[in-house]
Amino acid sequence: QGRRQKSAGLTGASGAAPIRLHIGGQAAHPDWKILNIRAGPHVDYVGHCADLSRFADNSILEIYASHVIEHLGFRTELPTALREFNRVLAPGGRLRASVPDLDTLCQLFLDPEFSAMQRMHVMGMMFGSQMDAADFHYVGLNAEILTAYLQDAGFIDIVRVDGFGLFDDTSNMVYKKPISLNVAARKPPAK
């Protein structure tokens with residue numbers, strides 16, 4: 001990991017090599033630090049993803065956030081979080097984000113072959129399972145809307161991808177068809 005970071009020529013404000021930040025993660029990975037709203041055995045930082053004030057500008061090499069940003073209010077929290085992601089990423093740093101694809105979920109919800117129970121399951125993917133206070137979805141995102149939010153936050157090279165191949169998580173979830181919108185984007189390189 002150290003060799004990769006040094007070869008990229010990236011250093012944070014403190015002079016330390018930037019870290020890779022898995023927002024919302026739970027499983028340990030040797031190359032990633034975890035930020036989660038809840039404490040856990042492998043969580044390195046407990047906090048809200050819209051407040052990354054503990055991280056210096058340009059101090060994160062990559063951010064991975066799977067099924068996290070739909071939990072943010074679309075008026076202020078989501079734009080704030082994406083601006084924070086951009087701020088802490090090193091120039092040229094990459095964001096990989098996955099959200100429930102609202103277009104796909106709407107198609108599934110309207111599937112004439114689905115039972116009421118199947119529609120309830122799709123509804124849970126739209127609005128969160130609501131098992132605790134942090135498990136509500138406050139925004140529905142499709143490719144067009146997510147791209148607009150990312151552009152407004154200063155990201156470039158925004159592309160939809162089939163998957164990331166990094167973690168076994170909901171970015172890979174299939175319910176009759178893949179239900180996630182997986183997007184990669186970059187912070188502009190330094191001028």
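As the structure is a prediction and not an experimental result, all values here were calculated from the model.

Colleague: Which residues make up the pattern of salt bridges, and what values go with them?
Modeller: If you walk through the whole model with that rule in mind, you get eight salt bridges. With a shortest N-O distance of 2.8 Å, glutamate 84 and arginine 87 are connected by a salt bridge. Taken together, the residues span about one helical turn, with glutamate 84 and arginine 87 both in helix H2 (residues 77-88) at a distance of three residues. By relative accessible area, which is 15% here, glutamate 84 ends up buried. Lysine 176 is the salt-bridge partner of aspartate 111, the closest N and O atoms lying 2.3 Å from each other. Taken together, the residues span a long stretch of sequence, with aspartate 111 in the loop between helix H3 (102-109) and helix H4 (116-127) and lysine 176 in the loop between strand S7 (174-175) and strand S8 (177-178) at a distance of 65 residues. We classify lysine 176 as exposed; its relative accessible area is 53%. Within this structure, Arg20, Glu62 and Arg96 form a network of salt bridges that share partners.

Colleague: How would you summarise H2 if you had to cite specific residues and measurements?
Modeller: In this model H2 runs 16 Å from its N-terminal to its C-terminal C-alpha over 12 residues, within 8% of the 16 Å that 1.5 Å per residue would give. Those residues of H2 not exposed but buried are Leu78, Pro79, Ala81, Leu82, Glu84, Phe85, Asn86 and Val88.

Colleague: Give me the pairing of strand S2 (residues 33-36): which residues, what numbers.
Modeller: The pairing of strand S1 (residues 19-23) with S2 spans three bridges and is classified as parallel. Residue pairing for S2: leucine 21 is matched across the bridge by lysine 33. Note: S2 against strand S3 (residues 45-46), two bridges, orientation parallel. Looking at the pairing, asparagine 36 lines up with valine 46 of S3.

Colleague: Run through the sheet that holds strand S9 (residues 180-186), naming residues and quoting values.
Modeller: Sheet architecture is open: seven strands sit in the order S3-S2-S1-S4-S5-S9-S6, paired in mixed fashion. The strands lining the two open edges of the sheet, one partner per strand, are S3 and strand S6 (156-161).

Colleague: For H4, give the residues involved together with the corresponding values.
Modeller: The terminal C-alpha atoms of H4, which comprises 12 residues, lie 16 Å apart, in line with the 16 Å expected from a rise of 1.5 Å per residue. Within the sequence span of H4, burial applies to Val122, Met125 and Met126. For H4, the angular spread of buried residues about the axis comes to 105 degrees, placing them on one side. Among the exposed residues of H4, those oriented more than 90 degrees off its buried face are Ala116 and Met117. Taken from the residues just after H4, glycine 128 is the one with a positive phi, measuring 90 degrees.

Colleague: Which residues make up the packing of aromatic side chains, and what values go with them?
Modeller: This model, assessed by the stated rule, comprises seven aromatic pairs. Their ring planes at 50 degrees and their centres at 4.9 Å tell us that tyrosine 64 and phenylalanine 167 sit as a pair that is tilted. Of this pair, tyrosine 64 sits in strand S4 (residues 60-66) while phenylalanine 167 sits in the loop between S6 and S7, and the two are 103 residues apart along the sequence. With respect to burial, tyrosine 64 and phenylalanine 167 carry one shared label: buried. Plain terms: the ring middles of phenylalanine 136 and tyrosine 138 are 6.5 Å apart, the flat faces sit at 25 degrees to each other, and that makes the pair stacked. A relative accessible area of 29% places phenylalanine 136 in the partly exposed class. For tyrosine 138, a relative accessible area of 46% gives the class partly exposed. One aromatic cluster is present, built from ring pairs that chain together Trp32, Tyr64, Phe164 and Phe167.

Reading the values: the criteria
- Residues numbered from 1 in each chain as written.
- Predicted model: local features only at pLDDT ≥ 70, side-chain atom pairs only at ≥ 80, totals over all residues.
- Heavy atoms only, no water.
- Salt bridge = Lys/Arg side-chain N within 4 Å of Asp/Glu carboxyl O.
- Helix = DSSP H or I, 4+ residues; strand = E, 2+ residues; numbered from the N terminus.
- Buried < 20%, exposed > 50% of the residue type's maximum accessible area, 1.4 Å probe, protein only.
- Expected span 1.5 Å × (residues − 1).
- Pairing = 2+ DSSP bridges.
- Arc of directions from axis to C-beta.
- Phe/Tyr/Trp six-rings, centres within 6.5 Å; stacked < 30°, edge-to-face > 60°.

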